[in-house]
Amino acid sequence: VQLQASGGGLVQAGGSLRLSCVASGLTFSNYGMGWFRQAPGKEREFVPAVTWNGGNTYYADSVKGRFTISRDNDENTVDLQMNSLKPEDTAVYYCAARRRFRNIYDYWGQGTQVTVSS
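The structure reproduced in this document is the subject of the present report. In this text, all values refer to a predicted model and were calculated from it rather than measured experimentally. (Residues numbered from 1 in each chain as written. Predicted model: local features only at pLDDT ≥ 70, side-chain atom pairs only at ≥ 80, totals over all residues. Heavy atoms only, no water.)

A word on the pattern of salt bridges. Scanning the entire structure with this criterion turns up six salt bridges. Where Asp61 meets Lys64, a salt bridge forms, and the shortest distance between an N and an O atom there is 3.2 Å. For the salt bridge of Asp89 with Arg66, the shortest nitrogen-to-oxygen distance reads 2.7 Å. Of this pair, Asp89 sits in the loop between β8 (77-82) and β9 (91-99) while Arg66 sits in the loop between β6 (57-59) and β7 (67-72); the two residues are 23 residues apart in sequence, bridging distant segments of the chain. The exposure class of Arg66 is buried, given its relative accessible area of 9%. Bridged by salt links that share partners, the residues Arg37, Glu45, Arg66 and Asp89 form one connected network. (Salt bridge = Lys/Arg side-chain N within 4 Å of Asp/Glu carboxyl O. Helix = DSSP H or I, 4+ residues; strand = E, 2+ residues; numbered from the N terminus. Buried < 20%, exposed > 50% of the residue type's maximum accessible area, 1.4 Å probe, protein only.)

Once that is clear, we can look at the sheet that holds strand β1 (residues 2-6). Within the open sheet, the four strands sit side by side as β1-β3-β8-β7. Their pairing is antiparallel. In this open sheet, the two strands that pair with only one neighbour each are β1 and β7. Shown here is a sheet whose adjacent strand axes are inclined to one another by a mean of 15°, direction ignored. Sheet analysis places β7 next to β8, joined by six bridges and oriented antiparallel. (Pairing = 2+ DSSP bridges. Axes fitted to C-alpha atoms, helices over the stretch in contact; angles between N-to-C directions.)

All right, on to the packing of aromatic side chains then. Taken as a whole and judged by the stated rule, the model has five aromatic pairs. When the centroid spacing of 4.8 Å and the interplanar angle of 55° are considered together, the rings of Phe36 and Trp108 count as tilted. Pair noted here: Phe36 is in strand β4 (residues 31-38) and Trp108 is in strand β10 (residues 107-108), with a separation of 72 residues, a long-range link. Judged by its relative accessible area of 32%, Trp108 falls in the partly exposed class. Here Arg98 stacks its cationic end above the ring of Tyr105, 5.8 Å away from the centre of that ring. Above the face of the Trp52 ring, Arg100 is positioned so that its terminal group lies 4.0 Å from the ring centre. (Phe/Tyr/Trp six-rings, centres within 6.5 Å; stacked < 30°, edge-to-face > 60°. Lys NZ or Arg CZ within 6 Å of the ring centre and 35° of its normal.)

Dropping the structure here:
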């Protein structure tokens, strides 16, 4: 199983970025997908998640109204549209896959760096 995240970069506060994660080696539609992030010196934290069929989404309070998660089960991708970025959004962002009916994430991507300058 491989989760390949991309789309990170350097952006000014107030700007936007779109992250993408491509999954391979698994039956993508059997997995809920999530994004997590980890800033230097901080613990990894949940950002948003989407259920296996895209029917439900969940967001951390810190990103509600600014970030949007979406998935395409035909392309095996999950995207994270990030708008109105803030310096505190700076972190390495990871996508992760969770098999349906499980409460833990089974697979993790390698991460992509997002840096928001003030």
